[in-house]
Amino acid sequence: MKILIIGSGGREHALAWSFARSPKVSKLYCAPGNAGIAALATPVPIDPNDSPALAAFARAEGIDLTVVGPEAPLSRGIVDHFSAEGLRIFGPSRGAAALEGSKVFMKDLLRKYRIPSAAYAAFSQREKAVAHLAGCSFPVVVKADGLAAGKGVIIAAERAEAVAALDLIMADRAFGEAGSQVVIEEFLTGEEASFIAFTDGKTVLPLPSSQDHKAVYEGDRGPNTGGMGAYSPAPVLTPELEAQVMANIMYPTVAAMAAEGRPFQGMLYAGLMIENGAAKVLEFNCRFGDPEAQPLLMRLRSDLVDVIEAAIDQRLDRINLEIDPRPAVCVVMASGGYPGSYATGQEIKGLREAALVPGVEIFHAGTRRENDRVVTAGGRVLGVTALADDLPAAIDQAYRAVELISWDGCYYRRDIGQKALRRG
Ligand code: AMP
Ligand code: GLY
């Protein structure tokens, strides 16, 4: 089988790594990929958002299956485009991807179908949104409706901050069209976890729980990033809570999407807030998490091709996921300054030595090859991921590998996994 992966991050490297283990795969391609992915998949220099060019490539190369990593191409309808041309692709349609692409759509759906989530109100006019603040208790969470690369969510401690957030989103259009509507939401407290599942539109087949580390600094301080590290499993999601999430959130959401004429096939990712033994939805994503995919795919023993093919053909009810019982931890190494501005083009040293640490895989994100050197090319650069007998060993091995890698201005959190250790 020939498989085309779309995207260029650590998630896509982990997908390529997982596909490369499948005896069914004869050739991998990745558009556009990165320096690490290039060792497993032929790079295809096409923009992930250029569906017509990608479809033409898939047809010309005889690609049997295309798998989409990031949300933007999904929201723009790459799956509809490929399907209309008779090309096999895994991911939600444009209509289904609205679950991530429009927070107003998502919140309205959850309210209509009584799926647990924070109380909210949605606005398309700044004045009405500002007036609504008079009746709010603070903090509130102000969210741009559309995709904003994780930056469209502002927690406002008091009214003035909420007004500033509304101005930024609705008047300044800091996130462009994503800010034509806003959601003002109740602030939830508790512990966050990620719950990511394969779904064929009927059956939900969950991966183990995982947890991201969104804030840039240790102790969850500082601005949010795409994710500075992840581990799986997340002990906060007990077996009882997982059953509750499946029954009260995942299955009702898949049923609701079908009832709305937007059947959801693909990866369904619920970002959860957990408090007092109950889970509420913070957000839905319509794809694998990044960096959650890195530890999750290292734990997946089933052939990823089989699972994805079953999801496309609506046979997930006949699949059992085989999962490595051992935990995995991913430490993201980033460019200093991220999520703000940062330098690129820095030579990365120590990759070969670090790859020799037992149980470790080094997934590349923002990297590119320059002659015989690998250099930084983005904010998140590497996801150093370790699988080991227990969590302390996985943390230890991941950091042993991390410490062998360096470049000018390299930054990483030193506390990835500590929250799980405190619970365990
Ligand atoms: P979202 O993209 O909606 O998941 O928001 C990004 C991050 O903002 C989440 O991972 C949370 O850390 C935080 N957040 C979003 N909504 C809420 C909320 N209602 N209460 C508390 N924190 C929130
Ligand atoms: N790790 C968060 C995300 O993928 O959205």
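Data block above holds the structure.
Residues numbered from 1 in each chain as written. Chains lettered and ligands numbered in written order. Predicted model: local features only at pLDDT ≥ 70, side-chain atom pairs only at ≥ 80, totals over all residues. Heavy atoms only, no water.

Draft legend 1. Representation of the pattern of salt bridges within the structure. Taken as a whole and assessed by the stated rule, the structure comprises 27 salt bridges. Here Glu71 makes a salt bridge to Arg287, at a shortest N to O gap of 2.9 Å. Remark: Arg287 occurs in the loop between β17 (278-285) and α10 (293-299) and Glu71 occurs in helix α3 (residues 71-75); sequence separation between them is 216 residues. Arg287 matches Glu71 in its accessibility class, with the two residues each being buried. (Salt bridge = Lys/Arg side-chain N within 4 Å of Asp/Glu carboxyl O. Helix = DSSP H or I, 4+ residues; strand = E, 2+ residues; numbered from the N terminus. Buried < 20%, exposed > 50% of the residue type's maximum accessible area, 1.4 Å probe, protein only.)

Draft legend 2. Representation of unusual backbone geometry within the structure. Here the residue pair Phe138 and Pro139 is connected by a cis peptide bond, since its omega of 0 degrees sits within 30 degrees of zero. Residue position: Pro139 is located in the loop between α7 (126-132) and β7 (140-144). Of the consecutive residues Ser232 and Pro233, the connecting peptide bond is found in the cis state with omega at 0 degrees. Relative to the helices and strands, Pro233 resides in the loop between β15 (229-232) and α9 (239-259). In this model, Arg173 sits at a positive phi of 55 degrees, which is unusual for a non-glycine residue.

Draft legend 3. Main features of the site of ligand 1. Taken together, 14 residues lie near ligand 1, and Glu185, Glu186, Leu188, Glu192 and Glu283 sit nearest. A distance of 2.8 Å separates a nitrogen atom of ligand 1 from a polar atom in the backbone of Glu186. Measuring from an oxygen atom of ligand 1, one finds a side-chain N or O atom of Glu192 at 2.4 Å. Contact with the protein chains covers 93% of the free accessible surface of ligand 1, which is 460 Å². Secondary structure elements with two or more residues in the shell around ligand 1: β7, β9 (182-186) and β17. (Near = heavy atom within 4 Å. Polar contact = N/O pair within 3.5 Å; in protein donor to acceptor, adjacent residues only side chain to side chain. Areas by Shrake-Rupley, 256 points an atom, 1.4 Å probe, with all protein chains shown as cover.)

Draft legend 4. Spotlight on the layout of surface pockets. Considered as a void within the structure, the second largest pocket measures approximately 550 Å³ in volume. Around the second largest pocket sit 22 residues that line it, and Leu351, Arg352, His364, Arg369 and Val374 are the ones nearest its centre. Listed by contribution, the elements that provide at least two residues to the lining of the second largest pocket are α1 (10-20), α12 (351-355), β19 (360-364) and β21 (373-376). When the residues that make up the lining of the second largest pocket are grouped by side-chain class, the tally is ten nonpolar, four polar and eight charged. (1 Å grid on protein atoms, 1.4 Å probe; cavity = no way out; pocket = protein on both sides within 12 Å on 5 of 7 lines; lining within 4 Å. Points joined across faces, edges and corners; volume = space filled by probe spheres on them. Nonpolar A, V, L, I, M, F, W, Y, C, P; charged D, E, K, R; others polar.)

Draft legend 5. Up close: the sheet that holds strand β1 (residues 2-7). Read from one edge to the other, the open sheet built from five strands follows the order β3-β2-β1-β4-β5, with strand pairing classed as parallel. Edge positions in the open sheet fall to β3 (42-43) and β5 (89-90), since each of these has one partner strand only. Strand direction decides the pairing type here: β1 and strand β2 (residues 27-32), joined by six bridges, are parallel. By the bridge assignment, Leu4 is partnered in β2 with Tyr29. Sheet strands in contact with α1 are β1, β2 and β4 (65-68), and its direction is about 165 degrees off that of β1. (Pairing = 2+ DSSP bridges. Contact = heavy atoms within 4.5 Å. Axes fitted to C-alpha atoms, helices over the stretch in contact; angles between N-to-C directions.)

Draft legend 6. The site of ligand 2, seen in detail. Neighbouring residues of ligand 2: Asp212, Gly226, Tyr269, Asn285, Arg287, Gly289, Asp290, Pro291 and Glu292. Asn285 is positioned such that a nitrogen or oxygen atom in its side chain is 3.4 Å from an oxygen atom of ligand 2. Within the side chain of Glu292, a nitrogen or oxygen atom sits 2.8 Å from a nitrogen atom of ligand 2. In the complex, 90% of the free accessible area of ligand 2, which totals 200 Å², lies under the protein chains.

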